[in-house]
Amino acid sequence: SLPPPPKMAEVQPKDEAKPQPEAVKQPADVSPGAGAKASSLTDSISIVNVPWHRRMETLAVAVFMSALPLFGIIPVTTWFLLFVPYVNIVVALYLTFIFFIDKAPVTGSRISMWFRGCKLWVHFKNFFPVSLLKTAELPADGKYIFGYHPHGIFSFGAFSAFGTDGCSFSTLFPGVEVHLVTLNITLSFPLLREMYLFLGMCSASKQTFKNVLSKKGRAVAVVVGGAAESLKSCPGTIDLYLTKRKGFVRQAFVYETSLVPVLAFGETDTYQVVKAEKAELIQSRLQKMMGFALPLFFGRGIFNKLLGILPFRRPIHVVVGAPIAVPVFADVTVPEGQDGAGSKRRKRISELGEKWLFKDEGAELVDKIHAQYMDAVRKLYQEHKGRFFIERAHSMIIE
């Protein structure tokens, strides 16, 4: 008779581990560590054998970065053209239109949804890449102020997520028209300003908030930390200037708008920053005098990964938090000399005006909502740092 077949070893089932959110890993073709040296000179140069889509991504970012030299070239060229016969008439008329007639910088009326969604901005988004994560719904009949953090060097995440439709903002938040605000001077440069206006960008002024937020379904995106925060930018950090930044909160009260915190992981990793004590002093003075300043930084080039003005290919994850509703009514103390002096009367905050928000009762209300906003920013950080902010120098700092 045949021997019995050998018995198969029984496999004992293992306890199933609870699924954990996977940390986002850097793409294999990301430039070596924001500013780190490549393994060899050959690896750092990319002239041939580069996929077409990557060339288009580099071109899109180069178009954006071309604004830097143009900020110097355009004023000089304009001044020169003012002395050219016949041409100077056209230039003078255009300058008159820019500074005295055109209201698009404070109304956003020049916005073109086609231009915001064109393929160029999709390539721009894919360069880093930039991702836009929604954590809560934003009803189309509401009004919103997006507070973007941190500023970084050039706020690439804010531009891609809110200044264009490259990250599919209109799909994630249907019915909401968003306008990214920038420095007034940015929208004063001839020709270059037209590109920004077609993207719906506006100047960072109170008139912009008034015009844009006059209708439902509108939103303003503001980089709260401003130029001062850009000087704090450094890879692996999220250092925010927020404790004393309350102007956007007051605008939310005046125009009965919800506040939406936005935290971008990776915004500060796009450039390597050079720290120099004397340079920081000069930058700080420039920031106070001119309203903006940039730290000493370097990135990659068009054909190399070691040195240049283009940013490094570092992922930027823009996380949009839940809206924070601000009170519409407040119990206001009746001043002396009026009927019922000392008693409380319920009034609409928007009718009381922005000046009331600087007074005792109004200031307390602003401080309360501002504290809620900062807590919401901290919550976004705690919930997503394990996935998007692994290689950090230290935890988020709010000053």
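Look up: the structure comes first, before these words.
Within each chain, residue numbers correspond to sequence positions counted from 1 in written order. At least 70 in pLDDT is required for a residue's local features to be given in this predicted model, at least 80 for side-chain atom pairs to be given and counted, and no such filter applies to totals for whole chains, interfaces and linings, which use all residues. Water and hydrogen atoms were dropped before computing side-chain values, which therefore reflect all heavy atoms in the structure.

> Would you mind showing me how to read the nonpolar core here?
Most often, soluble globular proteins have nonpolar side chains that are buried together. Core analysis: the largest hydrophobic core is formed by 52 residues, its most contacted members being Phe 124, Phe 146, Tyr 148, Phe 156, Phe 162 and Val 318. The element contributing the most residues to this core is helix H8 (residues 156-163), with 5 residues. Side-chain atoms within 4.5 Å are what join buried Ala, Val, Leu, Ile, Met, Phe, Trp, Tyr and Cys residues into a set we call a nonpolar core. Exposed residues in this analysis have more than 50% of their type's maximum accessible area, buried residues have under 20%, and partly exposed residues fall in between, with area computed by a 1.4 Å probe over protein chains only. Ranked by size, the runner-up nonpolar core spans 40 residues in total, among them Leu 213, Val 249, Val 332 and Leu 357. Working definition: helices are DSSP H or I runs of at least four residues, strands are E runs of at least two. Numbering for both runs from the N terminus.

> Any chance you could explain helix H16 (residues 360-388) here in plain terms?
Since the α-helix packs 3.6 residues into each turn, any two residues three or four apart lie on the same face. Helix span, as expected, comes to 1.5 Å for every residue beyond the first. In this model, H16 (29 residues) spans 40 Å end to end at C-alpha, consistent with the 42 Å of a helix rising 1.5 Å per residue. By the largest-angle criterion, Gln 382 marks the main kink of H16, which is about 30°. At any given residue, the bend is defined as the angle formed between two axes, one fitted to the seven residues that end at that position and one fitted to the seven that begin there.

> Just checking my understanding: could you explain the sheet that holds strand S10 (residues 316-320) for this structure?
By definition, the strands of a sheet pair up through backbone hydrogen bonds, in either a parallel or an antiparallel sense. Here we have 7 strands laid out as an open sheet, ordered S1-S10-S7-S2-S5-S3-S4, and mixed in their pairing. Where the open sheet ends on each side, the last strands, each with one partner, are strand S1 (130-134) and strand S4 (202-203). We treat two strands as partners when DSSP finds at least two bridges between them. Relative to strand S7 (residues 258-265), strand S2 (residues 144-149) runs parallel, the two being bridged by 6 bridges. Paired with His 149 across the strands is Leu 263, a residue of S7.

> In this structure, what is going on with unusual backbone geometry? I would like to understand it.
Note: most peptide bonds trans; most residues except glycine with negative phi. Residues Phe 128 and Pro 129 are joined by a peptide bond in cis, for which omega reads 0°. The residue after His 149, namely Pro 150, is reached through a cis peptide bond having omega -10°. Residue placement: Pro 150 occurs in the loop between S2 and H8. Backbone geometry places Ser 168, a non-glycine residue, at a positive phi of 65°. Position of Ser 168 among the secondary structure elements: in the loop between H8 and helix H9 (169-172). A positive phi is found at Leu 191, a non-glycine position, where the angle reads about 70°. Looking at the secondary structure, you find Leu 191 in the loop between strand S3 (177-182) and helix H10 (192-198).

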